[in-house]
Amino acid sequence: MNTRDSISDSSLSEVRREFKGERGDLIPVLQRVQDIFGYLRPETIRSVSRWLKISENEIFGVATFYAQFRFHPPGRHHLRVCLGTACHVRGGEQIFMTAEQRLGVGPGETTADGQYDLDRVACLGCCALAPVVAFDAKIHSQMSVLKIQRILDEHKNA
Amino acid sequence: MSIRTLDERRKKAASKWADLQTSPAPLIFIGAASCGLAAGAEDVQEAVERYLKKNKIDGRIIQVGCIGPCYLEPLMDIQMPGQPRISYSNVRPSDVPLIMESFFEKKEVAKSRLAGHLGDVEFDGIPRFFDMPMLKPQVRIVLRNCGIIDPDDLDHYLARDGYLGFEKCLSLPWTEILDTIKRSGLRGRGGAGFPTWRKWLTCREMPSEQRYLICNADEGDPGAFMNRSLIEGDPHAVLEGMLIAAYTIGASQGYVYIRAEYPLAIKRLKKAIVQMRELGVLGQNILGSDFSFDIRIKEGAGAFVCGEETALIASIEGKRGMPRTRPPFPAVSGLHAKPTIINNVETLGTLPNILRQGAEWYAGFGTETSKGTKTFSLVGKVRRTGLIEVPLGMKLREVVFDIGGGTLKPFKAVQTGGPSGGCLSEEFLDTPIDYEHLAEAGSIMGSGGLIVVDSDTCIVDTAKYFLGFTQKESCGKCVPCRVGTRHMVKLLEKICDGRGELADLEKLEKLSRTIKNGSLCQLGGTAPNPALTSLKYFRSEFISHVKDKRCPAVVCKSLVSYRVIAGKCTGCQRCVSVCPTGAITGPRSEPHNLDRTKCIKCRSCYEICRFDAIAGDAIIIES
């Protein structure tokens, strides 16, 4: 076992105590691991594979199926633009394009300075206040092209 | 804990609730569901806390769920001693001191931002909140507690006859409960509308040591948030429903499969489950009976297809969420190959009401074939947006115009059933909302998203949006769904870009049939619906895109252009300052010039002209 493996193994011990280690625990385990590390590293997947006795291939197959899992280090801040139906008909797509332009990255990407992640999200469930975006944990409602620019500019300058 | 001690606890809770109604201390209720928080409820609460502290007032703040009219958020209610709860809408933090001063210093009801009072009888000439045009036609059964009680306080739920329905169950054989549900006419509220009792019976009759109950809270349908609101506003109602269902089908283990995108709902559920354990309605030998049941929460990981029963089961088992062939249906062989019942949040939330008030009472609402009430999220281009509950059989027109207050621009269509449903035009406004009539019109009831669109919404673009959604969410198992939806998106993109031909419309229809016939699950089976209904009811709009290369709603980017109206432009330079490409130029105080070759149609100039500039409407978008 190389050193990187043992590092992730020791952090995993915390996770191990929370679960029985059954097959059905795979997705909650990956969610917990992502909570801790921010993303799924190949080494962690290897450790989970040994622990749950599921092949790395299969774990990768499961993880890539779900939109929630990421395989690259996340940026420090997370901008999610909602593109649910209500947001779409109220101009969500235009807000997403503005965010793309301002940050200079596409969906699922992180800015070069590691500051911002940009994502499209299917629905945040705040449809009555559409269009909405989630900047980190805060949801901003009734967005406009100018409002999203202001939020990003103010954050950058803060 | 026995039934007797539960009754005693309920009595105590009832007196606590009664004390709250006659509280000697002022109470301030804040609508703090996700929608309220998004609208700024936290800032309002902070302003209230600041005011109370500064003026040394011994007031109590209670967070409640969503009461329904989300367009009025943030909502704040004030209950002074001897007065009913008085509700204020669209409250900004800066409004708080004024409202408070009126109550605490002038000793009179504040008039600004007043929405109505929540009392039963006439008070001070103030209108009743529930008499507002949006709320009056509604029948609140599932939503009876939402926005009224503190969802984190079990006593509030108990005081309003909480767990009484389940308590009744314990003294009845399962056959009798099944019969009650049968007589109530309850059908699955997740969308398909299958009679709840029939599914349950199949499961119960399967010989098995272990049966499972799953609450489907994977509300992935974009534009729908009924389940989120119900869980956030009244989590115990859903959990009590799970107890009733589990007792009837003989399940000992339950799961709530909920979207990770709903963190507040998850938090509420977790807390409620701990409270259930303390109350003794979860675990071994519940309330001294031989019924044992436990509930675990499984968070979804972001896959729309997991709302499909067999995919959801695969996901709980730790696999890729891909549907499988049915039969066997989950009621026969589901989770870990054991008989499993999957019920929607709303179906479960309805059960305690039916058990408490009786099957005949519930069946008194709705139509012959679709009984009871249904919650809908009324959103889009409608004036009054929010969460509503109406008896089934109400006409679309009543929902859109009486409850929703109509649209600002001329009404165009109402989209029901989300990505599996269809766009219904004006001629369908008198269609009663029930399972049969919506299906006849080519749409479906779905889980309850009602998205209203007006003349500013392009139907072709909307169809492209839905197909784009299902294409991304297709699990990839069946080729017609995986590849077919991709081709449909490409064709729709071509039409929106102005490169479409008439033959493309036929191709779309042909592909739709292939996808419908060749897909295993309902994601693929219904994916073409939005395109098919749009083609049927709004063909002229497609023709405009294809033949005239025009987008009548002025939405499709390739077909629109921006223009400055020289006669209106005052030359205030606001648009110049926001244009990211330098397409707008012109000296101050003179009409500006817009260079179309540089314009990327980002809409910044249009917005700033409408909201911040002097002229207000000097920039137009045309097609």
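About the thresholds
- Residues numbered from 1 in each chain as written.
- Chains lettered and ligands numbered in written order.
- Predicted model: local features only at pLDDT ≥ 70, side-chain atom pairs only at ≥ 80, totals over all residues.
- Helix = DSSP H or I, 4+ residues; strand = E, 2+ residues; numbered from the N terminus.
- Rg over C-alpha atoms; globule rule 2.2 N^0.38 Å.
- Contact = placed C-beta atoms within 7 Å.
- Buried ≥ 20, exposed ≤ 12 C-beta atoms within 10 Å, placed from the backbone.
- Pairing = 2+ DSSP bridges.
- Arc of directions from axis to C-beta.
- Axes fitted to C-alpha atoms, helices over the stretch in contact; angles between N-to-C directions.
- Parallel < 35°, antiparallel > 145°, perpendicular 65-115°, else oblique.
- Left-handed = near helix turned anticlockwise from the far one by under 90°.
- Nonpolar A, V, L, I, M, F, W, Y, C, P; charged D, E, K, R; others polar.
- pLDDT = per-residue confidence, 0-100.
- Expected span 1.5 Å × (residues − 1).

## A closer look at the overall build of chain B
Then, in step 1: A tally of regular secondary structure across chain B gives 24 helices and 18 strands.
Then, in step 2: In terms of C-alpha radius of gyration, chain B reaches 27 Å, essentially the compact-globule figure of 25 Å for 623 residues.
Then, in step 3: Overall, the C-alpha framework of chain B stretches about 80 × 70 × 40 Å when taken along its three principal axes.
Then, in step 4: For chain B, restricting intrachain contacts to residue pairs at least 6 apart in sequence, the fraction spanning at least 24 positions comes to 71%.

## Focus on the environment of Q138 of chain B
Residue and element names in this part refer to chain B.
Then, in step 1: Within the secondary structure, Q138 is located in the loop between β5 (114-117) and α5 (154-159).
Then, in step 2: A count of 21 C-beta atoms within 10 Å places Q138 in the buried class.
Then, in step 3: Q138 sits 253 residues away from P391 along the chain, and the two C-alpha atoms are 7.4 Å apart.
Then, in step 4: Leaving out residues up to four positions away in the same chain, Q138 has contacts with I388, E389, V390 and I403.

## Things to note about the sheet that holds strand β3 (residues 116-121) of chain A
One key point about sheets: their strands pair by backbone hydrogen bonds, in either a parallel or an antiparallel sense.
Residue and element names in this part refer to chain A.
Then, in step 1: Judged by pairing direction, the sheet is mixed, and its five strands sit side by side in the order β2-β3-β1-β4-β5 without closing on themselves. Two strands lie at the open edges of the sheet, namely β2 (109-110) and β5 (138-140), each paired on one side alone.
Then, in step 2: In terms of strand pairing, strand β1 (residues 77-82) meets strand β4 (residues 133-135) through three bridges, oriented antiparallel. Bridge assignment links L79 to a residue of β4, and that residue is F135.

## Details of helix α8 (residues 196-205) of chain B
Residue and element names in this part refer to chain B.
Then, in step 1: Listing the buried residues of α8 in full gives T196, W197, K199, W200 and C203. One side of α8 carries all its buried residues, which in axial view fall inside an arc of 160 degrees.
Then, in step 2: The secondary structure elements touched by the buried residues of α8 are α7 (174-184), α10 (235-249), β9 (340-344) and α13 (345-357).

## Looking at the packing of helix α17 (residues 459-473) of chain B against helix α18 (residues 479-496) of chain B
All names here are of chain B.
Then, in step 1: Interhelical geometry of α17 versus α18 gives an angle of 155 degrees and a closest axis separation of 9 Å. By the angle between their axes, α17 is roughly antiparallel relative to α18. Judged by the sense of rotation from one axis to the other, the crossing of α17 with α18 is left-handed. Contacts between α17 and α18 pair V460, D461, A463, K464, L467, G468, T470 and Q471 from the former with T485, R486, M488, V489, L492, E493, I495 and C496 from the latter.
Then, in step 2: The residue makeup of the contact of α17 with α18, split by class, is eight nonpolar, four polar and four charged.

## Structural notes on the confidence of the model for chain B
Then, in step 1: Of all residues in chain B, 100% have pLDDT values of 70 or greater, and the mean over the chain is 94.
Then, in step 2: The ipTM assigned to the predicted complex is 0.90, against a pTM of 0.93.

## Points about the interface of chain A and chain B
Then, in step 1: With 38 residues of chain A at the contact, the number on the chain B side is 49 residues.
Then, in step 2: Only α2 (26-37), α4 (56-65), α5 (85-89), α6 (92-103) and α7 (145-157) of chain A provide two or more residues apiece to the side of chain A that touches chain B.
Then, in step 3: For the side of chain A that touches chain B, a count of residues per class yields 23 nonpolar, 13 polar and two charged.

## Details of helix α19 (residues 502-518) of chain B
Residues and elements named next belong to chain B.
Then, in step 1: For α19, with 17 residues, the first-to-last C-alpha span of 25 Å sits near the 24 Å given by 1.5 Å per residue.
Then, in step 2: For α19, the full list of buried residues reads L508, S512 and I515. For α19, the angular spread of the buried residues around the axis is 75 degrees, confining them to a single face. Away from its buried face, by an angle of more than 90 degrees, α19 presents the exposed residues L502, A503, E506, K510 and N517.
Then, in step 3: Tucked inside the fold, the buried residues of α19 contact α18, α20 (522-526) and α21 (529-537).

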